[in-house]
Amino acid sequence: MVTTLRDARRARHIAEQVPDPELPMLSLADLGVLRDVELTEDGTVVASLTPTYSGCPAMAEMRADVAARLRDAGYARVEIRTVLDPPWTSDWITPAGRRKLTEHGIAPPGPAAPPGGPVPLVLSPTRHTVTCPRCGSANTEETSRFAATSCKSLWRCRACREPFEYVKEI
Ligand SMILES: [Zn+2]
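Not measured: the values here are computed from a predicted model.

## Some thoughts on the overall build of the protein chain
Regarding its fold elements, the protein chain presents four helices and seven strands. Taking the intrachain contacts of the protein chain between residues at least 6 apart in sequence as the baseline, contacts between residues at least 24 apart amount to 54%.

## Here's the deal with the coordination of the zinc ion
Coordination of the zinc ion by the protein comes from Cys132 (SG), Cys135 (SG), Cys157 (SG) and Cys160 (SG), over a distance range of 2.3 Å. Seen from the zinc ion, its four donor atoms lie at angles of 105 to 118°, and the figure they make is tetrahedral. The sequence motif formed by the donor residues of the zinc ion is C-x2-C-x21-C-x2-C. Here Cys132, found in the loop between β4 (106–107) and β5 (140–144), pairs with Cys157, found in strand β6 (residues 152–157); they are 25 residues apart in sequence, far enough to count as distant. Grouping residues by exposure puts Cys132 and Cys157 together as buried.

## Considering the sheet that holds β5
Pairing is mixed across the open sheet formed by four strands, whose spatial order is β4-β7-β6-β5. Only two strands of the sheet have a single neighbouring strand rather than two, namely β4 and β5. Sheet topology places β6 next to strand β7 (residues 163–167); five bridges connect them, and they run antiparallel. Within the sheet, the bridge partner assigned to Arg156 lies in β7 and is Pro163.

## Some details on helix α1 (residues 5–16)
Compared with an ideal rise of 1.5 Å per residue, which puts 12 residues at 16 Å, α1 spans 16 Å between its outermost C-alpha atoms and is within 8% of the ideal. When we look at burial in α1, the residues that qualify are Ala8, Ala11, Ile14 and Ala15. Down the axis of α1, the sector holding all buried residues measures 125°, keeping them to one side. Across α1 from its buried face, at more than 90 degrees, point the exposed residues Leu5, Arg6 and Arg9.

## Here's the deal with the nonpolar core
Where a protein is soluble and globular, its nonpolar side chains tend to be buried together. Counting residues in hydrophobic clusters, the biggest one holds 33 residues, and the most contacted among them are Leu23, Leu31, Leu49, Met62, Val66, Leu70 and Tyr75. Of all the secondary-structure elements, those providing two or more residues to this core are α1, α2 (28–31), β1 (34–39), β2 (45–49), α3 (59–72) and β3 (78–82). Sequence-distant contacts of Val66, that is, excluding residues within four places in its chain, are made with Ala15, Val18, Leu28, Ala47, Leu49 and Ile80. Judged by nonpolar contacts, the second largest core, of seven residues, contains Ala107, Cys132, Cys157 and Phe164.

## Some points on the environment of Arg9
Tracing the chain through its elements places Arg9 in helix α1. Judged by relative accessible area, which is 58%, Arg9 ranks as exposed.

## Looking at the pattern of salt bridges
For the structure on display, the rule yields nine salt bridges. In this structure, Asp36 engages Arg12 in a salt bridge whose closest nitrogen and oxygen atoms are separated by 3.1 Å. Highlighted residues: Asp36 in strand β1 and Arg12 in helix α1, separated in sequence by 24 residues. Residue class for Arg12 comes out partly exposed when judged on its relative accessible area of 28%. A salt bridge links Asp42 to Arg77, with the nearest nitrogen and oxygen atoms 3.8 Å apart. With Asp42 in the loop between β1 and β2 and Arg77 in the loop between α3 and β3, this pair connects stretches of sequence that are 35 residues apart. What you see here is one network of salt bridges that share partners, running through Arg12, Glu16 and Asp36.

What counts and what doesn't
- Every residue gets a number counted from 1 within its own chain, in the order that chain's sequence is written.
- Totals for whole chains, interfaces and linings use every residue, but because this is a predicted model, local features are given only for residues with pLDDT of at least 70 and side-chain atom pairs only at 80 or more, for both listing and counting.
- Water and hydrogen atoms play no part in the side-chain values, which are based on all heavy atoms of the structure.
- Helix and strand definitions follow DSSP, with helices as H or I runs of at least four residues and strands as E runs of at least two, each counted in order from the N terminus.
- In this description, contact between two residues means that some pair of their heavy atoms is separated by no more than 4.5 Å.
- Metal donors: N, O and S atoms at distances within 2.8 Å, or within 3.2 Å for Na, K and Ca, with water omitted from the atom set so that some sites may seem incomplete.
- Geometry assignment treats four donors as tetrahedral when all angles are between 85 and 135 degrees, treats four as square planar and six as octahedral when opposite donors are over 155 degrees apart and all others between 65 and 115, and treats everything else as irregular.
- Type-normalised accessible area, obtained with a 1.4 Å probe on protein chains alone, sets the label of each residue: buried when under 20%, exposed when over 50%, and partly exposed for intermediate values.
- Strands are labelled as partners when DSSP assigns at least two bridges between them.
- A helix's residues, less one, multiplied by 1.5 Å, set its expected span.
- By arc we mean the arc of the directions from the helix axis to the C-beta atoms, nothing more.
- Each nonpolar core is a collection of buried residues, namely Ala, Val, Leu, Ile, Met, Phe, Trp, Tyr and Cys, held together in the definition by side-chain atoms within 4.5 Å.
- Here a salt bridge means any side-chain nitrogen of Lys or Arg lying within 4 Å of a carboxyl oxygen belonging to Asp or Glu.

Have a look at this one:
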């Protein structure tokens, strides 16, 4: 098998387009979980993924999806690696990904705590402004800490009265 740069780019492109099982409007590239896609000399595609929210059981599905799509595209040998360091944070969601969330009525996460920063002694719910993805009002309130999946919480806008989901920052 001839390994070319073009092949490697194609493999990366295919892996990037795989949707996130929990937030299907986002690709793995939007989510920032795809760390690397390499094509080794023997033609094996090695895709490295970093898991997201520890409470989200989506990682196994993501790995299987990436492997299946690459095999469908003609790459017979696929290896999926898990990269835990550095750990994923919601800051890795790309600007395009944040825009797509908003377009789907989901509020994107705010900035995550800086790595190595001070650790709060009391674990209280994060207090910050969550903007309504529909009307842009900051007059919102959390109605449930957990939405359909543990990576999201449920909010309500006091201005337009619409409920919406919010992707938590971690
Ligand atoms: Zn609103």
